[in-house]
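Topology and contacts: notes
Listed here are the chains, written in short residue letters.
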Amino acid sequence: MTGVGLLVVLTIASIANGFTTSDLSPFDGIAASVINPDSIDSTIDSKLREDGILEAAKQLSLLLKVQQKQTADLKMIIDQQSCGCNVKRYQRSQNYPLYSWGFNQNGEGYIMKEFGYRQFRLVSPGLTGQNNTVSFESVDYPDYYLRHFGFQLFLENVQSPRNPQIFDKDATFHIRQNKWFPYFNAYESVNFPNRFIRHSGFRLRIDPYRNTNLYKKDASFQTVLRPE
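Residues numbered from 1 in each chain as written. Predicted model: local features only at pLDDT ≥ 70, side-chain atom pairs only at ≥ 80, totals over all residues. Heavy atoms only, no water.

**Notes on the overall build of the chain**
- On a plain count of helices and strands, the chain comes out with six helices and twelve strands.
- Out of the 228 residues in the chain, the part that is buried amounts to 42%.
- Look at the contacts in the chain between residues 6 or more apart in sequence, and 51% of them connect residues 24 or more apart.
- Carbon and sulfur atoms form 52% of the exposed surface of the chain, whose accessible area is close to 12,200 Å². (Helix = DSSP H or I, 4+ residues; strand = E, 2+ residues; numbered from the N terminus. Buried < 20%, exposed > 50% of the residue type's maximum accessible area, 1.4 Å probe, protein only. Contact = heavy atoms within 4.5 Å. Areas by Shrake-Rupley, 256 points an atom, 1.4 Å probe, with all protein chains shown as cover.)

Here you go:
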């Protein structure tokens, strides 16, 4: 068991038995010897010194849960790539949580709400076959994929798209997990590096990266079973 694991176990045991922080004093020497300050965030290390072992253990436990979720998400993507399977999901906006990806009758991509949002099949690897990529196929319209054209997203048929020679690239995106926010992914164009899918005026497009809070929120999406 690692030092962090021992610390968490000791803390959970103490809580379960009604012990207080002072009851853990006999373990202070053990905790100090098994924890490597270089292996944890400086904020956690500071908490360990300032507030004691119990508060530090709580924060470490929270960090472990986040890491487990990230690992599970990554495993899902790796499993999809290895088996050639895909899943059906919604892509929910970070800063407009009631809105998810959709498209209008002209096939123009938007973030929409209620009956406007649509389910997409996450095809991984994407149409280009590159590792850690994804393409988004409409569940309502099989063989129709989201692609960028003029830097805006459209739903087009893989059999009869505009500019067919570059369709696969236009419809494939690198997956950037937890890029700016935990549990929210960003999708970077494979043929226009540093351009990410984002919404602007609710329209879905690929825009060059800007180091602003608004851009990061506009370009962050959560893959969910249902939009609400």
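That covers the picture; the talk isn't over yet.
**Describing unusual backbone geometry**
- Of the consecutive residues Ser-124 and Pro-125, the connecting peptide bond is found in the cis state with omega at 0 degrees.
- Tracing the chain through its elements places Pro-125 in the loop between β4 (120-123) and β5 (133-138).
- Of note, Asp-143 is a non-glycine position whose phi angle comes to about 75 degrees, a positive value.
- Along the chain, Asp-143 turns up in the loop between β5 and β6 (144-149).
- The class for Asp-143 is partly exposed, based on a relative accessible area of 35%.
- Of note, the phi angle at Asn-178 is positive, near 50 degrees, even though the residue is not glycine.

**Observations regarding the environment of Lys-216**
- Looking at the secondary structure, you find Lys-216 in helix α6 (residues 213-218).
- Linking Lys-216 and Asn-95, residues 121 residues apart in sequence, is a C-alpha distance of 9.5 Å.
- Filtering out sequence-adjacent residues up to four positions away, Lys-216 remains in contact with Trp-180, Phe-181, Tyr-209 and Asn-211.

**Quick notes on the pattern of salt bridges**
- According to the stated counting rule, one finds nine salt bridges in the structure shown.
- Close ionic contact of Arg-176 with Glu-188 constitutes a salt bridge, the shortest N to O distance being 2.9 Å. Pair noted here: Arg-176 is in strand β8 (residues 173-181) and Glu-188 is in strand β9 (residues 184-189), with a separation of twelve residues, a long-range link.
- For Arg-176, a relative accessible area of 31% puts it in the partly exposed group.
- As a salt-bridge pair, Arg-205 and Asp-207 come within 2.7 Å of each other at their nearest N and O atoms.
- Residue Arg-205 is classed as partly exposed on the basis of its relative accessible area, which comes to 22%.
- Since its relative accessible area comes to 7%, Asp-207 is described here as buried.
- Linked through salt bridges whose partners overlap, the residues forming this network are Arg-147, Glu-156, Arg-162 and Asp-170. (Salt bridge = Lys/Arg side-chain N within 4 Å of Asp/Glu carboxyl O.)

**What about the nonpolar core?**
- Judged by nonpolar contacts, the single largest core of 19 residues is most densely connected at Trp-101, Phe-136, Tyr-187 and Ile-197.
- Breaking this core down by element, the ones donating at least two residues are β2 (99-103), β4, β5, β7 (152-157), β8 and β11 (203-208).
- Take this core: its biggest share by element is three residues, from β2.
- The contact partners of Trp-101, leaving out residues within four places of it in the chain, are Gln-91, Tyr-110, Ile-111, Tyr-117, Arg-118, Phe-120, Phe-136, Leu-146, Tyr-187, Ile-197, Leu-204 and Phe-221. (Core = buried A, V, L, I, M, F, W, Y, C linked by side-chain atoms within 4.5 Å.)

**Comments concerning the pairing of β4**
- Here β4 shows a buried face lined by Phe-120 and Leu-122 and a second buried face lined by Arg-121 and Val-123.
- Examined bridge by bridge, β4 and β5 share four bridges and lie antiparallel to one another. Pairing of Val-123 across the sheet is with Ser-135, part of β5. (Pairing = 2+ DSSP bridges.)

**Regarding the environment of Gly-150**
- Tracing the chain through its elements places Gly-150 in the loop between β6 and β7.
- With 56 residues separating them along the chain, Gly-150 and Ile-206 place their C-alpha atoms 9.1 Å apart.

**Re the confidence of the model for the chain**
- Across the chain, the average pLDDT comes to 79, with 66% of residues at or above 70.
- Ignoring residues within four places in sequence, the model shows residues 2-40, a span with pLDDT below 50, making 31 contacts including any to other chains.
- Low pLDDT (under 50) marks residues 77-85, which in the prediction has 14 contacts with non-local residues, meaning those over four places away or in another chain. (pLDDT = per-residue confidence, 0-100.)

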